Amino acid sequence: MNQASSSATPTTSATDHRNRITGFLSDYGIIVAFIVLCVILSVVSPYFLGVNNLLNVLRQVSINGVLAIGMTFVILTRGIDLSVGSMMAFAAMVAASFAVVDSGMPLIVPLTLGLAAGLALGCVNGVMVARFAIPPFVMTLGMLSMARGLTYIYSDGMPISSLSPSFLWLGQGMVVGIPVPVILFAAVFMLAWFTLRYTTFGRYVYAVGGNPTAARLSGIKVSRITFSVYAISGLLCGLAGLMIAARTSAALPQAGVAYELDAIAAVVIGGTSLAGGKGRIVGTLFGVLIIGVINNGLDLLGVSSFYQQLVKGAIIVVAVMLDRSRLSNT
Amino acid sequence: MSTPLLHAEGIAKSFSGVPALTNGQLSLRAGTVHALCGGNGAGKSTLLNVLMGILQRDAGYVQIDGREVNFPSPHDALDTGIAMISQELEPVPDMTVAENIFLGREPRLMGALVDHRRMRLQAEQLLRELELHLPANARLGSLSIADMQMVEIARAISRDARVIIMDEPTSAIGERETELLFAAVERLKARGTGIIYVSHRMNELYRIADDYTIMRDGTFIETGAMADIDRHRLITTVLGKELDEEYAKYNRPGADTLLEVDDYGRGKDFERVSLDLKAGEILGIFGLMGSGRSEFLDALFGAAPAERGSARLRGAPFQPREPGDAMRAGIAYVTEDRKGSGLVMGASIKRNVTLASIPDVARNSLIHEGMEDAVATPFVERLQIKASSLDMPVKQMSGGNQQKVVLAKWLQTQPSILLLDEPTRGVDVGAKREIYAFMSEFARDDRAIIMTSSEIPEVLGMSDRVIVFRKGRISGELHGDELTQENLVRLSS
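In this text, all values refer to a predicted model and were calculated from it rather than measured experimentally. (Residues numbered from 1 in each chain as written. Chains lettered and ligands numbered in written order. Predicted model: local features only at pLDDT ≥ 70, side-chain atom pairs only at ≥ 80, totals over all residues. Heavy atoms only, no water.)

## Considerations on helix H1 (residues 44-51) of chain B
Residues and elements named next belong to chain B.
Line of reasoning, step 1. Among the eight residues of H1, seven are classified as buried, and the element is accordingly described as predominantly covered.
Line of reasoning, step 2. Buried within H1 are the following residues: Lys-44, Thr-46, Leu-47, Leu-48, Asn-49, Val-50 and Leu-51.
Line of reasoning, step 3. Taken from the residues just after H1, Gly-53 is the one with a positive phi, measuring 80°. (Buried < 20%, exposed > 50% of the residue type's maximum accessible area, 1.4 Å probe, protein only. Helix = DSSP H or I, 4+ residues; strand = E, 2+ residues; numbered from the N terminus.)

## Structural notes on the side chain of A:Asn125
Residue and element names in this part refer to chain A.
Line of reasoning, step 1. Structurally, Asn-125 can be placed in helix H5 (residues 108-130).
Line of reasoning, step 2. The class of Asn-125 is buried, set by a relative accessible area of 0%.
Line of reasoning, step 3. Sequence-distant contacts of Asn-125, defined by excluding residues within four places in its chain, comprise Asp-81, Ser-83, Met-87, Met-139, Thr-140, Met-143 and Tyr-230. (Contact = heavy atoms within 4.5 Å.)

## Some points on the nonpolar core
Line of reasoning, step 1. Residues B:Tyr264, B:Phe296, B:Phe301 and B:Met439 are the most contacted members of the largest nonpolar core, which totals 163 residues.
Line of reasoning, step 2. If you tally residues by element for this core, the top one is helix H11 (residues 222-248) of chain A, at 13 residues.
Line of reasoning, step 3. With sequence-adjacent residues up to four places away left out, B:Phe296 is seen in contact with B:Val261, B:Tyr264, B:Phe270, B:Val273, B:Leu275, B:Ile285 and B:Phe469.
Line of reasoning, step 4. Core analysis: the second largest hydrophobic core is formed by 48 residues, B:Phe102, B:Leu132, B:Leu205 and B:Ile235 among them. (Core = buried A, V, L, I, M, F, W, Y, C linked by side-chain atoms within 4.5 Å.)

## Brief notes about the interface of chain B and chain A
Line of reasoning, step 1. Residue-level contacts link 41 residues of chain B with 31 residues of chain A.
Line of reasoning, step 2. In this assembly, chain B packs against chain A so that about 3100 Å² is buried in total across both faces, 53% of it on carbon and sulfur atoms.
Line of reasoning, step 3. One salt bridge connects B:Glu372 with A:Arg203, and the closest N-O pair in it is separated by 2.4 Å.
Line of reasoning, step 4. Between the two partners, chain B and chain A, sit ten residue pairs in polar contact (both at pLDDT 80 or more).
Line of reasoning, step 5. Elements represented by at least two residues in the side of chain B that touches chain A include exactly helix H10 (323-328), helix H11 (338-342), strand E20 (366-367), helix H13 (369-382) and helix H14 (399-411) of chain B.
Line of reasoning, step 6. Split by residue class, the side of chain B that touches chain A holds 18 nonpolar, 13 polar and ten charged. (Buried area = accessible area lost by both parts, 1.4 Å probe. Salt bridge = Lys/Arg side-chain N within 4 Å of Asp/Glu carboxyl O. Polar contact = N/O pair within 3.5 Å; in protein donor to acceptor, adjacent residues only side chain to side chain. Nonpolar A, V, L, I, M, F, W, Y, C, P; charged D, E, K, R; others polar.)

## Here we look at unusual backbone geometry
Line of reasoning, step 1. The backbone phi angle of A:Ala258 is positive, close to 70°, even though this residue is not glycine.
Line of reasoning, step 2. Mapped onto the secondary structure, A:Ala258 falls in the loop between H11 and helix H12 (259-269).
Line of reasoning, step 3. Residue B:Asp445 is not a glycine yet carries a positive backbone phi of 55°.

## So, the confidence of the model for chain B
Note: predicted coordinates in regions of low pLDDT should not be interpreted at a detailed level.
Residues and elements named next belong to chain B.
Line of reasoning, step 1. When pLDDT is averaged across chain B, the result is 88; 98% of the residues are at 70 or more.
Line of reasoning, step 2. Looking at the elements of chain B, mean pLDDT is at its lowest for helix H5 (residues 145-158), recorded as 80, and at its highest for strand E18 (residues 331-334), recorded as 96.
Line of reasoning, step 3. The complex model carries a pTM of 0.78, and its ipTM stands at 0.82. (pLDDT = per-residue confidence, 0-100.)

## A word on the pattern of salt bridges
Residues and elements named next belong to chain B.
Line of reasoning, step 1. Applying the stated rule across the entire model yields 33 salt bridges over all chains.
Line of reasoning, step 2. A salt bridge links Arg-120 to Glu-124, with the shortest nitrogen-to-oxygen separation between them at 3.5 Å. In this pair, Arg-120 and Glu-124 both sit in helix H4 (residues 116-129), four residues apart, roughly one turn of the helix.
Line of reasoning, step 3. For Arg-120, a relative accessible area of 33% puts it in the partly exposed group.
Line of reasoning, step 4. Measuring nitrogen to oxygen at the nearest pair gives 3.9 Å for the salt bridge that ties Glu-204 to Arg-201. Across the pair, exposure class does not vary: Glu-204 and Arg-201 are buried alike.
Line of reasoning, step 5. Among the charged side chains, a salt-bridge network with shared partners connects Asp-276, Lys-278, Glu-281, Arg-465 and Glu-477.

## A look at the side chain of A:Thr195
Line of reasoning, step 1. Relative to the helices and strands, A:Thr195 resides in helix H8 (residues 180-198).
Line of reasoning, step 2. Setting aside its immediate chain neighbours within four residues, A:Thr195 contacts A:Phe73, A:Phe201 and A:Gly202.

## What about the domain arrangement of chain B?
All names here are of chain B.
Line of reasoning, step 1. As assigned here, chain B comprises domain 1 (6-239) and domain 2 (257-492).
Line of reasoning, step 2. Just the C-alpha atoms count here: the centres of domain 1 and domain 2 sit 31 Å apart.
Line of reasoning, step 3. Between domain 1 and domain 2, the contact holds 18 residues from the first and 20 residues from the second.
Line of reasoning, step 4. Interface area for domain 1 against domain 2, summed over the two sides, is near 1500 Å², with a carbon-plus-sulfur share of 52%.
Line of reasoning, step 5. Summed over the shared surface of domain 1 and domain 2, the result is one salt bridge.
Line of reasoning, step 6. Here Glu-455 and Arg-201 are joined by a salt bridge, their closest N and O atoms 3.6 Å apart.
Line of reasoning, step 7. There are zero residue pairs in polar contact (both at pLDDT 80 or more) connecting domain 1 and domain 2.
Line of reasoning, step 8. Secondary structure elements with two or more residues in the side of domain 1 that touches domain 2: helix H6 (175-190), helix H7 (202-208) and helix H8 (231-239).
Line of reasoning, step 9. Class assignment for the residues of the side of domain 1 that touches domain 2 results in five nonpolar, eight polar and five charged. (Domains from an automatic or database assignment.)

Structural data, given as structure tokens:
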């Protein structure tokens, strides 16, 4: 009896300590990779570490960052959202149509309608996946096409430009020297990090992704959680739509094509498992930054964009490969 | 003594510095069944995984026919004639029996095309030889678990496997299927195949095993002939300590009715089920696979609601439409499949313990980690969960400890009725007793348990009363002196 009860109490020991170190590496290996990448780039290109360049990188990644955060929620529940690029384009178009200089609408109108457009499409994804059990891949693949179609229908295939300066501020403005899109991305990141780390909703998301059956039998309303993550992804597409229209001074019907791929790539590089239930929003942040820094570095080095695609793809594969080998070693 | 078919010695394996196995040893003779015995965390699975090439050993050696071998992958082990049959090595459910048997070595036509006809004929011949009455072209997924296991055995034999590892082969099958399995084992022995057999069911070991090896805490303890060790000494050696009485039963049913079920039915799963549950009672439900017993529990818990009939809980109408309804009414449900529906395997002990009561460890929807620790810690002590820390992922734990985590999860919801479906499946002797003791302690005052089990001794040992299911209906109810093995078998088949 003594034997059993003594080994039953959790102990802080050397093994615990070691677990903490391997845990740290598995949580933050991506940060190490990011720093190494930055060091290499600062050596090969003197411009890389310039404040302007770094702000430029952050501005460039902020849209993909917002999409990737929504994507992280979805992937954590074993889902996927292929429609983010199209939903973003639709939201941008809706917002822009109410933000042209001579429309006379107060700023709140395009902002609200842009977010609402994204949220509405996300809710459609959510209902179909959660309530009607359409596989996420199929549903969002359908939405990828439908939202793009809606964008063309709504705009009649024409871009909407000459947007009001107050709207453009969202994409081009600065607050204490920091670009507004970067601030928006940072705010979304903090909120998502807090939600996943500290709220019951976050806990439900991990549980549903980890084992939906066990989650359901533990009284968790799995379909409600599933619905919510697609709604969140849609809402964040709405925000990204506002950001991209404001940054490019126009809403283009073909905006955001293939953006879902960068968003998924960032999530995967960040170590979130496509099998669900495992991953961190901090990982996604660094996945987004790594993609941004690579694009920027290759730009600075004058590498053609054709090669950039090649390199980015290779990095995704290598990142996941390293992740795998690390897991099998522990 | 002649050269053993398989001999392993000094096998060691650590995971991130934590030793799981320090001295694994096993010597298997051709044409015998060798029982590998040990409790939770004894290192049995680790040793078997090393033998199978799934894990790489840190030290020690493995010999086949006296020659040292090294398997970098399970594929190499298979090529050398070692096969493993376990619930984890999943076959391909959407392929036919024949396709599964010849998976990876299909007979070819002109080098590239699969020769389906020859494959089917060879499979049929093999099934005939093994006296298995299975159609070679049936989809594997349409078979019962027991039949799937038979297909796995056929596959192992078709690969000329000389060593077959069977890890808990009977944990998911009924009595009749177990007989078929044992018949197959006898035929394998006659062919000179050596079988390493792992089971927590003592009766089985005494029936089919020739030799035994006992492991404890990752180390080899002793080996010998099954005939030379009695049941008591085997159990105490496995546990390393003397045991209390097996079925520690001290609950006593009261007079108050806690739950009444009237004419419950759902689809073809079960119908006309009426029963009641007294406070302080452990009600056993016995039935073969497919008798509707698990489906009935699903309905009581609202996981798959009943379509017909009604239920009353403490006199008030009770109609669970989803698990949340049953949980609010004070019902908890330990399913038979803890990996599939009980636990989030990749998550920590702590998170699994709080899984069904997340709002309890939160204020204003914010998780309070201190509360979470405070909730989970007492269960480790109370249920004697063996773990290095509360943050350890449950997938690294043994079956018995995982089951205790499931129990902890439900205890935290403070239920008054516990539904236990096969509460000790895949759980070692020591942990089994702890679970029995826990059940007796739980079923007191105004609490009660409904338990299903396919292990007859467990049903007889723990139940105050047993209701037998057959083909979705109640075929009888047994109390007191009527609680015998003969009656259970007669009513259930």
